[in-house]
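Summary of the model geometry
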Amino acid sequence: MYVAVKGGERAIENAHRLLADRRRGDQRVAEVTLDQISEQLGLAVDRVMSEGSLYDRELASLAIKQARGDLIEAIFLVRAFRATLPRFGASEPVDTGAMRVQRRVSSTFKDIPGGQILGPTFDYTHRLLDPSLAEGFVPETPATAEASTAPTPRVTDILGRDGLIESSPEAEDGASVGDLTREPLNFPAGRDLRLQNLARGDEGFLLAMGYSTQRGYGRNHPFAGEIRFGEVEVEFFAEDAGFAVPLGAIELTECQMVNQFKGSATEAPCFTRGYGLAFGQSERKTMSMALVDRALRARELGEEALAPAQDEEFVMSHSDNVQATGFVEHLKLPHYVDFQSELGLLRKLRKEFADANTPVAMKEAAE
Amino acid sequence: MKLSIIIDNLESASFVKGAVDQVTQHNTQQAQRKAAMAVLAHAEAGEIAARLRDLTLPAHQDLRAPENGLVMLRGRVGGDGAPFNLGEATVSRAAVRLASGEVGFGYTLGRDGEKARLIALCDALVQSRDFGGLVERSVIAPLREQLMVRHKRAAEETAATKVDFYTMVRGEG
């Protein structure tokens with residue numbers, strides 16, 4: 001039961017004023033700017049855009065600043081903001097095959113066409129804290145080499161040519177694309193809804209779920225077929241213009257997981273796959289997403305679905321950190337009446353217990 | 001000129017698309033407009049404005065004042081399969097009409113309404129017989145050049161991180 005609680009207005013007002021002061025911190029220290037957040041804490045911005053489900057670097061930077069670096073709070077702010085704008089429509093599906101690749105690695109083929117391109121990565125760093133970054137660090141100019149004009153086909157396309165991997169599911173004629181921001185979630189959910197849910201799902205949750213499949217809870221024998229990060233062009237069919245207009249480019253990370261093969265009396269065995277896609281440079285997120293996407297296909301692929309990561313209702317109902325934090329954190333809001341009624345009941349039960357356990361002799365003596 | 005007010009216009013949009021595709025001449029101009037927009041969407045509002053400032057522009061008016069909204073960005077399952085909704089992006093749009101009648105549309109990622117308006121103005125100019133060549137030479141071409149330089153630079157930096165595998169020969173050859 002919830003009741004209106006009055007009398008806290010002054011305290012709340014002053015608490016927010018105090019928050020504003022603490023957020024700013026010591027005012028002798030320079031204030032952080034949105035450009036600084038966007039440029040120097042870029043991966044935090046990418047995460048807020050992905051899980052806030054809104055591609056806008058400036059807004060995500062503002063949200064991070066306002067939330068004092070609490071990324072889930074920032075994601076919450078971004079989600080609330082998106083509800084204030086009208087939607088013009090949906091973009092044409094982006095072509096990740098045409099990505100201007102800034103990083104592209106495959107753990108399955110050494111000599112992949114287009115090459116292994118490391119790009120800006122933490123991989124192969126020693127994870128030692130670098131004191132030179134503490135202040136006044138000026139990086140070297142990046143090295144350059146002649147740019148290749150060779151295409152960088154997706155690894156899954158190469159495997160697909162020989163039929164070694166299952167092909168991606170085609171859209172059914174006239175089928176609309178599910179949108180969980182518009183319709184309430186129902187189970188079983190289609191792959192489109194599952195991927196949308198995972199794309200905005202909490203990275204930590206997906207990481208744990210993906211990890212659980214590797215540790216044996218719904219094992220699906222994954223290889224990172226390919227991870228690519230870079231820019232893709234976005235087009236939107238503008239009804240007034242009468243054609244698909246270019247909107248500019250966004251940064252995306254894509255992960256193609258190649259998983260244990262299946263076959264049957266009628267179908268030749270081939271690898272199965274899991275897919276991950278997210279805004280910005282979000283490698284851990286897309287790898288986890290691809291593992292979980294594959295795990296959630298257990299029933300479709302005729303596998304026993306006993307592990308948490310294979311349970312779509314469990315995964316999809318708990319992946320959203322805004323929903324999760326709302327329900328967990330609402331526990332700190334006033335529950336006074338709720339609690340008073342529990343307290344009353346508990347006192348009554350304890351009295352009954354005490355009465356029932358008082359020795360007869362004592363009762364007689366007391367009388 | 002009727003402006004789109006429909007939100008979630010995909011179905012009606014797909015229909016119009018089919019009808020439009022039949023007109024070839026229309027398509028040539030459309031390809032030019034699209035190519036110009038592809039460059040302009042990557043430029044900053046200030047860069048477009050600076051290049052337009054040097055031109056003597058025909059009279060024009062806002063047909064749709066800049067407005068901000070969202071577009072749902074779509075990916076494909078496995079990169080090449082059925083579409084799914086990935087997440088939204090902020091988009092600004094505007095429409096401008098020249099006194100001579102050409103109507104231009106501006107759409108861009110982000111919330112810079114002025115940029116959308118400048119793209120719309122350029123789109124109208126691209127369609128104009130008198131100004132099409134001028135705007136291509138003075139605005140679009142230099143911005144395209146600048147964009148290509150930026151992309152080339154990024155591609156070269158990326159290329160330097162490409163792994164060159166070599167085989168180590170062990171023992172005596």
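In what follows, the structure referred to is the one given above.
All values reported here derive from a predicted model rather than from experimental measurement. (Residues numbered from 1 in each chain as written. Chains lettered and ligands numbered in written order. Predicted model: local features only at pLDDT ≥ 70, side-chain atom pairs only at ≥ 80, totals over all residues.)

Considering the overall build of chain B
Threshold: For helices the rule is a DSSP run of H or I covering at least 4 residues; for strands it is a run of E covering at least 2, with both sets numbered from the N terminus onward. Three exposure classes are used. Buried residues have 20 or more other C-beta atoms within 10 Å of their own C-beta, exposed residues have 12 or fewer, and partly exposed residues fall in between, all C-beta atoms being placed from the backbone. Think of it this way: build a C-beta for each residue from its backbone, and any pair within 7 Å is a contact.
A tally of regular secondary structure across chain B gives five helices and three strands. The order of helices and strands in chain B, counted from the N terminus, is α-α-α-β-β-β-α-α. Split into buried and exposed, the 173 residues of chain B put 38% on the buried side. When contacts within chain B are restricted to residue pairs at least 6 apart in sequence, those whose partners lie at least 24 apart make up 53%.

Some points on the packing of helix H3 (residues 45-53) of chain B against helix H4 (residues 113-127) of chain B
Axis angle and axis distance: for two packed helices, these are the angle between their axes and the distance between the axes, and together they describe the pair. Residue and element names in this part refer to chain B. Quick reminder of the rule: Axis definition: a line fitted to C-alpha atoms, over the contacting stretch in the case of helices. Angles run 0 to 180 degrees between N-to-C directions. Here roughly perpendicular refers to angles of 65 to 115 degrees, roughly parallel to angles under 35, roughly antiparallel to angles over 145, and oblique to all remaining angles. We call a crossing left-handed when the near helix sits turned anticlockwise from the far one by less than a right angle, and right-handed when that turn is clockwise. Throughout this entry, Asp, Glu, Lys and Arg are counted as charged residues, while Ala, Val, Leu, Ile, Met, Phe, Trp, Tyr, Cys and Pro are counted as nonpolar. The remaining residues, Gly among them, count as polar.
Packing of H3 against H4 leaves a shortest axis separation of 9 Å and a crossing angle of 40 degrees. By the angle between their directions, the pair H3 and H4 is classed as oblique. As for the relative orientation of H3 and H4, their crossing is left-handed in sense. Note on element contacts: H4 touches H3 through Glu-114, Lys-115, Leu-118 and Cys-122, opposite Ala-45, Ile-48, Ala-49 and Leu-52. In terms of residue class, the contact of H3 with H4 is made up of six nonpolar, no polar and two charged.

Here's the deal with the interface of chain A and chain B
Condition: A pair of strands is considered paired only if DSSP assigns at least 2 bridges between the two.
Of the residues lining the interface, 69 residues belong to chain A; the matching set on chain B comes to 62 residues. Looking at the side of chain A that touches chain B, the elements that each hand over two or more residues are strand E1 (54-55), strand E2 (87-90), strand E3 (100-105), helix H7 (191-199), strand E4 (223-238), strand E5 (243-262) and strand E6 (270-279) of chain A. Element by element, the count of residues in the side of chain A that touches chain B is highest for E5(A), at nine residues. Where E1(A) lies against strand E2 (residues 83-98) of chain B, two bridges are found, and the strand directions are parallel. Opposite A:Leu54, over in E2(B), you have B:Glu88 as the bridge partner.

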